[in-house]
Amino acid sequence: MSDALVEIRLRKRLHAELTLEVDLELGTGCSILFGRSGSGKTTTLCAVAGLCRPDAGHVRVGDRVLYDSERGTSLPMRQRRVGMIFQDDLLFPHLSVRENVLYGLAHWPRQERGERLEAMADLFAIGPLLARRPASLSGGEKQRVGLARAIATRPQLLLCDEPISAIDQEGRAVLLAHLGRVQQTERIPVLYVTHSVQEAMALGEQVFVLDHGRVVARGTPLDVFTEPRQLSLARLTRVRNILSATVEQHASDEGLTLARVPGGPVLRVPLVAAPVGSTIIIGLRADDVLLARQPVTGISAQNMLEGRVTEILRHGADVEVLIDCGVRFVASVVPAAVTSLGLEPGGPVCMIIKARSCHLL
């Protein structure tokens, strides 16, 4: 048996052209299930939670077997000790926030219920909301209440199905911060579904990329999202350049921060609230890297980087050009650009990158 805290091996036929086959091992921390819509991410969560039944496989959490097709074991959802938060909050509209959070604790002693409610109110900053009904809450507040309800029962596993996709940017940042606090205080495995590279980088300790029902890549977010030979990844996300950089200087009057990539260039990125000397992670889409034969003047782009082509990868109508300028960059172009620029391995090339194309991950 695996040493992982959670072991998920499932097969389920979804329709004639798609069979879900997943093999996941999770430890304490946040694992990301990444992929496009229709790849089987939500079905995987539902099978683990007991909302749907797989055709074969098993699910183990700690020393408990939740599902095993060979043994004929399939615990009902209420016995699985799995918390779940969806894209839609699914709060009980006729209950107050207090009653929603306490809903799964009816069998707990009264004092323990009160203590757990107080702990959840502090952890998710929902104390002022306890007397209110869900209809009066913002999207971000509803999701924080939903997360508090999911965690209140002390589940052995938390499943998150794109919980921040329907809320505004400020609410997303708050909920991500609270999920981080869950990791620090509760120390339970989390399986988090998303198709956002930013969320995966912010939360994930490991990433599983699901495409057409199969896990096509796995590893740390940095390793997975910077692998240029994964055609499926190239189709799923165009954020092909993920760079660690050290803040060297802030040019506040220009709205820029200068950050040096170790062994590579200094990038001019939008002004960030990070002290000089700190490390930031920069994401850059391959589509946002323009190529030229030589440096160009008289344009607004703030980054002009010279390098050499190391490899040209052809994916049908798309071409990825790998470029070395101390560190590797990936640019995506059409085949005609390769010909018109005379690009070839070992040849020089200039990259033109707008500051606003450099996103802080």
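Residues numbered from 1 in each chain as written. Predicted model: local features only at pLDDT ≥ 70, side-chain atom pairs only at ≥ 80, totals over all residues. Heavy atoms only, no water.

Brief notes about the overall build of the protein chain
For the protein chain, the count of helices and strands is nine helices and 21 strands. Summarising its shape, the C-alpha atoms of the protein chain cover approximately 70 × 50 × 35 Å along the three principal directions. Counting over 361 residues, the protein chain shows a buried share of 50%. For the protein chain, restricting intrachain contacts to residue pairs at least 6 apart in sequence, the fraction spanning at least 24 positions comes to 64%. (Helix = DSSP H or I, 4+ residues; strand = E, 2+ residues; numbered from the N terminus. Buried < 20%, exposed > 50% of the residue type's maximum accessible area, 1.4 Å probe, protein only. Contact = heavy atoms within 4.5 Å.)

Quick word on the nonpolar core
In a soluble, globular protein the nonpolar side chains are often hidden away together inside. Ranked by size, the top nonpolar core spans 46 residues in total, and within it Val101, Phe124, Ile126, Leu147, Leu158, Tyr192 and Phe225 carry the most contacts. At six residues, the largest contribution of residues to this core is made by helix α4 (residues 139-152). (Core = buried A, V, L, I, M, F, W, Y, C linked by side-chain atoms within 4.5 Å.)

Regarding the state of the cysteines
A complete count under the given rule lists zero disulfides for this structure. This cysteine, Cys325, is not joined by any disulfide, and Cys350 carries the nearest cysteine sulfur, 9.9 Å off. Judged by its relative accessible area of 14%, Cys325 is buried. Judged by its relative accessible area of 1%, Cys350 falls in the buried class. (Disulfide = S-S within 2.5 Å.)

Notes on the pairing of strand β13 (residues 256-260)
Consecutive side chains of a regular strand alternate in pointing toward one face of the sheet and then the other. Counting buried residues along β13, four of its five residues qualify, which places the element largely inside the surrounding structure. Hairpin connection, strand β12 (residues 241-251) to β13: the antiparallel pair is bridged by four residues, and Gly255 has positive phi, about 70°. Where β13 lies against strand β14 (residues 266-270), five bridges are found, and the strand directions are antiparallel. Bridge pairing links Thr257 to Val269 in β14. Hairpin geometry of β13 and β14 is characterised by an intervening segment of five residues between the two adjacent antiparallel strands and by a positive phi of about 80° at Gly263. (Pairing = 2+ DSSP bridges.)

Digging into the sheet that holds strand β20 (residues 348-353)
Taking strand neighbours across the sheet as the criterion, the five strands line up as β16-β20-β17-β18-β19 in an open arrangement whose pairing is antiparallel. The sheet is open, and its two borders are formed by β16 (290-292) and β19 (328-333), each paired with just one other strand. When strand polarity is set aside, the average angle formed by the axes of neighbouring strands in this sheet is 45°. Bridging between strand β18 (residues 318-324) and β19 involves six bridges; their strand directions are antiparallel. The residue of β19 that forms the bridge with Val321 is Ala331. (Axes fitted to C-alpha atoms, helices over the stretch in contact; angles between N-to-C directions.)

Quick notes on the confidence of the model for the protein chain
Mean pLDDT for the protein chain: 88, with 94% of residues reaching 70 or above. Averaged over each element, pLDDT in the protein chain is lowest for helix α8 (residues 231-236) (56) and highest for strand β4 (residues 56-61) (96). (pLDDT = per-residue confidence, 0-100.)

Overview of the layout of surface pockets
If you add up the space inside the largest pocket, you get close to 630 Å³. Along its surface, the largest pocket is lined by 21 residues, and Met77, Val82, Gly83, Arg149 and Thr153 are the ones closest to its centre. Elements represented by at least two residues in the lining of the largest pocket include exactly β7 (82-85) and α4. With four residues, β7 is the single largest residue contributor to the lining of the largest pocket. Of the residues that constitute the lining of the largest pocket, the class distribution is 12 nonpolar, five polar and four charged. In this structure, the second largest pocket spans a volume of roughly 270 Å³. (1 Å grid on protein atoms, 1.4 Å probe; cavity = no way out; pocket = protein on both sides within 12 Å on 5 of 7 lines; lining within 4 Å. Points joined across faces, edges and corners; volume = space filled by probe spheres on them. Nonpolar A, V, L, I, M, F, W, Y, C, P; charged D, E, K, R; others polar.)

Quick word on the environment of Gln206
Relative to the helices and strands, Gln206 is located in strand β10 (residues 206-211). Among residues more than four places away in sequence, those in contact with Gln206 are Glu25, Leu26, Gly27, Cys30, Ser31, Ile32, Gly219, Thr220 and Pro221. Of note is the side chain of Gln206, whose polar atom sits 2.9 Å from the side chain of Ser31. (Polar contact = N/O pair within 3.5 Å; in protein donor to acceptor, adjacent residues only side chain to side chain.)

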